[in-house]
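Structural description and commentary
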Amino acid sequence: MKQFIIVAAALLLGVVLAADHCSPYLTCTDCISQPLCGWCSEDVVYPGNISGAQCAGFNSNGSTPFACNGIYSTEQCVQGYVCNKTTFTCELGEPGQGGTQAQCEADCINNGDVYLCNETTSQCEKVSNLQPNNGSYAVCMAACTHPSSHPSSSSPAPPPTPQALYACNYTSGQCVSSTAGKGESLSACEQNCQKTNVSYMCNSFLQKCVELPPGVKGETLAECENVCQVKPVPGPPSGVSGVYRGLQISNNYATGEFDLFINETIVIFIGHIQGGSIISTMIGTPLHIPNSNDLEMWIDVTSGPGAGQTVKTISDASGSNGPETSFLTMAMSSPGAAVPTSLFSAMTAPEQVVFAFSKCLDVNCNFTMRGGSSVFRKVLTRLSDSDHCSQFGDSCTDCLSHEYCGWCSVDVVYKDGSQGTQCAGFNGLNSSNAFVCAGRYSTLSCDVGYICNYTSLQCQQTTPGNGMPQAECEALCHATPPPTPAQDMYTCNTTTKQCIKCNLTHCPGEMPLGQCEAACTNPKPGPHGNLIGVWRGIRIQNGYKVGEVEAVFTNTTASFYTAKVLQFTANVTSLGADLMILDVLTGTYQGWKLSAIYQESSEGLGLYGAITFAKGIYGQGPPSSYAQAMYTPPMEEYVYYKCNESPCSFAQP
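Just so it is clear, the model here is predicted, and its values are computed rather than measured. By convention here, each chain's residues receive numbers from 1 onward along its written sequence. Reporting in this predicted model follows two pLDDT cut-offs: at least 70 for local features of residues, and 80 or more for side-chain atom pairs to be given and counted; totals over whole chains, interfaces and linings ignore these cut-offs and use all residues. As a convention, hydrogens and water are excluded, and side-chain values are obtained from all of the structure's heavy atoms.

Some points on the state of the cysteines
- In plain terms, two cysteine sulfur atoms within 2.5 Å form what is called a disulfide here. One pass over the structure, following the stated rule, counts nine disulfides.
- With a sulfur-sulfur separation of 2.2 Å, Cys389 is cross-linked through a disulfide to Cys405. What sets the handedness of the Cys389 and Cys405 disulfide is the S-S torsion sign, and at about -90° it is left-handed. Of this pair, Cys389 sits in the loop between α8 (374–383) and α9 (396–400) while Cys405 sits in strand β23 (residues 405–408), and the two are 16 residues apart along the sequence.
- Each residue is assigned to one of three classes by its accessible area relative to the maximum for its type, calculated with a 1.4 Å probe on protein chains only: buried under 20%, partly exposed between the two thresholds, exposed over 50%. According to the relative accessible area criterion, Cys405 is buried, its value standing at 5%. Secondary structure elements follow DSSP: runs of H or I of four or more residues count as helices, runs of E of two or more count as strands, with numbering from the N terminus.

As for helix α11 (residues 513–520)
- Of the positions making up α11, those classed as buried are Cys516, Ala519 and Cys520. Projection of α11 onto a plane perpendicular to its axis shows the buried side chains occupying an angular sector of 90°, all on one side. Exposed side of α11, more than 90 degrees from the buried face: Gly514 and Ala518 are the residues found there.
- By definition in these notes, contact holds between two residues if any of their heavy atoms fall within 4.5 Å. Next to the buried residues of α11 lie β31 (490–493), β32 (498–501), β37 (565–575) and β38 (579–584). The arc refers to the directions leading from the helix axis to the C-beta atoms.

Overview of the pattern of salt bridges
- The term salt bridge refers to a pairing of a side-chain nitrogen on Lys or Arg with a carboxyl oxygen on Asp or Glu at a separation within 4 Å. Tallied over the full model, the rule gives four salt bridges.
- Note that Arg245 is salt-bridged to Glu257, the shortest N-O span being 2.8 Å. Placement of Arg245 in strand β15 (residues 242–248) and of Glu257 in strand β16 (residues 256–262) is noted, with a sequence separation of twelve residues between them. Here the two residues Arg245 and Glu257 agree in accessibility, since each one is buried.
- For Arg536, the salt bridge identified is with Glu548, shortest N-O distance 2.8 Å. With Arg536 in strand β34 (residues 533–539) and Glu548 in the loop between β34 and β35 (549–553), this pair connects stretches of sequence that are twelve residues apart.

See below:
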């Protein structure tokens, strides 16, 4: 019966190993070079407590479930820790061997106990340290399992004098006498004993390196992170993909706009540094740490600053949304540097930068990457390689000369959120990569389009295929007010706090009756207190101009800047919680009134606040909605950020 059980177990093991196509590969290097295979630093265990090989993985139609109780890797042969049974210290093993430092140190200790083999039972038994031939449990087990082939003497020689053992005092850097059963020879101790300031060990539960107390032997941070960190997996963290625009907010920030594109296979980062024409572009491949609470993402940089190195980021998206955008706070390391420990610490860290980013929520908002170079166009082509038309995005004429292709006046956006080029279409009669063209799409001709110069209020020709028809441009590109709204409009008499019907074609500060009554009840000279301070932001309306803008609110006034250049200052009257009238004191429109609406949003960690700020048209009422301001020039809409507390601090423009 016993023989039958052994044979059955052997047959079962053979079946299990045969089901795992990875098991025949006996070295780590051979293993990880195979598809769907990974290497375990010790033998894996299959269902039924069946021990397998170190190479295990998935089959194309599933897998044989297994457990790896050591380090499992699919891309590299990681060095784990193994126990030195002589010194009872954990040392880095060969690539692909050993476990975590915490696992090793839990097992690699004799606690001062010594053992002797009972040759009758072949078991190790604890004995007094005065008993001859005692040793550690591991040494005893080796003797019990593999006894010496030499017969013992009937009159054994007296045991040798026990060797003095030493241990390193890492505070003094000197070897001192150790307690019985612990330590190592003096020469071995002196070889490695030195003062140590900071060392680390891997917390296997948190899977992070933690600093050890002074004098406790560990390893350098780099050595620890090599075996301790959770392995990143391809792609960005969930919910992070999209086109972002924002600003640096960490101490010693650079002014200007920064744009970030993220999808499943690529990251593009562009810095439009204020005051210069240089555009810094970094391109890389995204990876992320699974189940990371701080959305940890790594960027393997393939082009631009830091090429060949890894940039590591953490983010927070827990704040409230604005009417047109969501918000993301991201801390980014220098290429090759360690991952930021927190957004707060990164605000002052010398090799880390923190950004406040915004991302569009719906079709009213359309952010695009403004790279403008042939290299950037080639990158976008990679993003939309399932659309054969995208490769012709440098020229409208070239685009329309290819079958099933059409030209969009702005870059298209595909169904997965990735941004394409201006050329997009079908791959055949029944196949397409679904896209949205938020501008004008044509398969017919590359007409010369027009754009409005809002300074001169003249329509100017632009590149063929872009812009809008001349008649449409001229209808929009003037300072005359639009037709009178169909509904009755009212203005607030701030003296009587009464709403008065507007009987003219247009009245400054006009608004519907319900909105007027709510806003006119408590008109307040000056802005609300939570607005007072320095704000930095970006434009977000369709056709926005890239770059940083600033606004400074005092107890009575608001001053607006573009790239730190003052545009105008105005007295502020607050009507309700989200409407203000700006009486312009300086600038081109001195003496005019300008109405604006705004909505506050919160950043999840409290570093800064954000507002969406929509300006109306000079001499007219406020926008009827944030959506109207997004697509009705010359209305403008902004996202502004203001620091809430240290270490965030914005300087006056």
